[in-house]
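# Examining the three-dimensional arrangement
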Amino acid sequence: GQDGLAPDFPRDEINLVEDGKHFGFPFVIGNNRPNPTPVAESAPASLKAVAPALELPAHVASTDLRFYTGTQFPAAYRNAMFLAMHGSTAIPAKVGYKVIRVRMKDGRPDGFEDFVAGWVKDGVVSGRPAGLATGADGALYISDDNKGFIYRVSYGAR
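Since the structure is predicted, the reported quantities are computational estimates derived from the model, not experimental observations.

## Topic: the packing of aromatic side chains
Inspection of every chain in the model, using the stated rule, returns eight aromatic pairs. A centroid spacing of 6.0 Å and a plane angle of 80° characterise the contact between F149 and Y151, whose relative ring orientation is edge-to-face. According to the relative accessible area criterion, F149 is partly exposed, its value standing at 43%. Grouping aromatic residues by their ring pairs yields a cluster made of Y68, F73, Y77, F82 and F115. Lying across the ring of F9, R33 places its NZ or CZ 4.1 Å from the centre. Cation over ring: R101 sits above Y77, and NZ or CZ is 4.4 Å from the ring centre.

Here's what the structure looks like:
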């Protein structure tokens, strides 16, 4: 999403990329709303932008999207889409700062749920998830570019 417009606009988005399609930016943003900046005035008259497959909260600053390719997690999490929300510094409210799992239905994003959260508490940021990777051991690894940490998320008995 683009900064500097409003605390709740535009929303971040997930798009299903298809060859030859236009997804709007910079002419339209959010769910195909005209960009209020002067660049929108130069939009091609024939522009038919594809609507987002899933809208996310504004300013969560999504930095990495990965599909879990391991087999350690339960079946519902295998091949699931995970998204690192880096968090925004462009608005006063602290949004993002977590990793979500995107729920799918018929091959399309249908919603999302928190997978790992807790990097912001009482307005204080303790971490910013930046990257994701499935390890050879089946764990999901999350990099944090605030602390320089790498977190390992695994499933199973302790």
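Text resumes after the structure shown.
## Some thoughts on the pattern of salt bridges
What the rule picks out here adds up to five salt bridges. Among the salt bridges present, the one from R101 reaches E113, with a minimum N-O distance of 2.7 Å. With R101 in strand β7 (residues 98–105) and E113 in strand β8 (residues 108–116), this pair connects stretches of sequence that are twelve residues apart. The class for R101 is buried, based on a relative accessible area of 11%.

## So, the pairing of β8
When β7 meets β8, the two strands line up antiparallel, connected through seven bridges. The residue bridging I100 from the neighbouring strand is D114, located in β8. Once β7 ends, the chain turns through two residues before running back antiparallel as β8, passing D106 with a positive phi of about 55°.

## Some thoughts on the pairing of strand β13 (residues 149–153)
With five bridges joining them, strand β12 (residues 140–144) and β13 adopt antiparallel strand pairing. Among the inter-strand pairings, Y141 is bridged to a residue of β13, identified as R152. Linking β12 back to β13 in an antiparallel pair, the connection comprises four residues, with G148 at a positive phi of about 80°.

## Re a nonpolar patch on the surface
Together, L65, F67 and M104 make up an exposed nonpolar region whose accessible area comes to about 260 Å². Here F67 shows up in strand β5 (residues 62–67). According to the relative accessible area criterion, F67 is partly exposed, its value standing at 43%.

## Considerations on the sheet that holds strand β11 (residues 129–134)
Through backbone hydrogen bonds, the strands of a sheet pair up, either in parallel or in antiparallel fashion. Taking strand neighbours across the sheet as the criterion, the three strands line up as β11-β12-β13 in an open arrangement whose pairing is antiparallel. The open sheet is flanked by β11 and β13, the only strands paired with a single partner. If you compare each strand with its neighbour and ignore which way they point, the axes differ by 20° on average.

Basis of the calculations
Residues numbered from 1 in each chain as written. Predicted model: local features only at pLDDT ≥ 70, side-chain atom pairs only at ≥ 80, totals over all residues. Heavy atoms only, no water. Phe/Tyr/Trp six-rings, centres within 6.5 Å; stacked < 30°, edge-to-face > 60°. Buried < 20%, exposed > 50% of the residue type's maximum accessible area, 1.4 Å probe, protein only. Lys NZ or Arg CZ within 6 Å of the ring centre and 35° of its normal. Salt bridge = Lys/Arg side-chain N within 4 Å of Asp/Glu carboxyl O. Helix = DSSP H or I, 4+ residues; strand = E, 2+ residues; numbered from the N terminus. Pairing = 2+ DSSP bridges. Patch = residues over 30% accessible without salt bridge, like charges linked within 9 Å, V, L, I, M, F, W, Y side chains within 5 Å. Areas by Shrake-Rupley, 256 points an atom, 1.4 Å probe, with all protein chains shown as cover. Axes fitted to C-alpha atoms, helices over the stretch in contact; angles between N-to-C directions.

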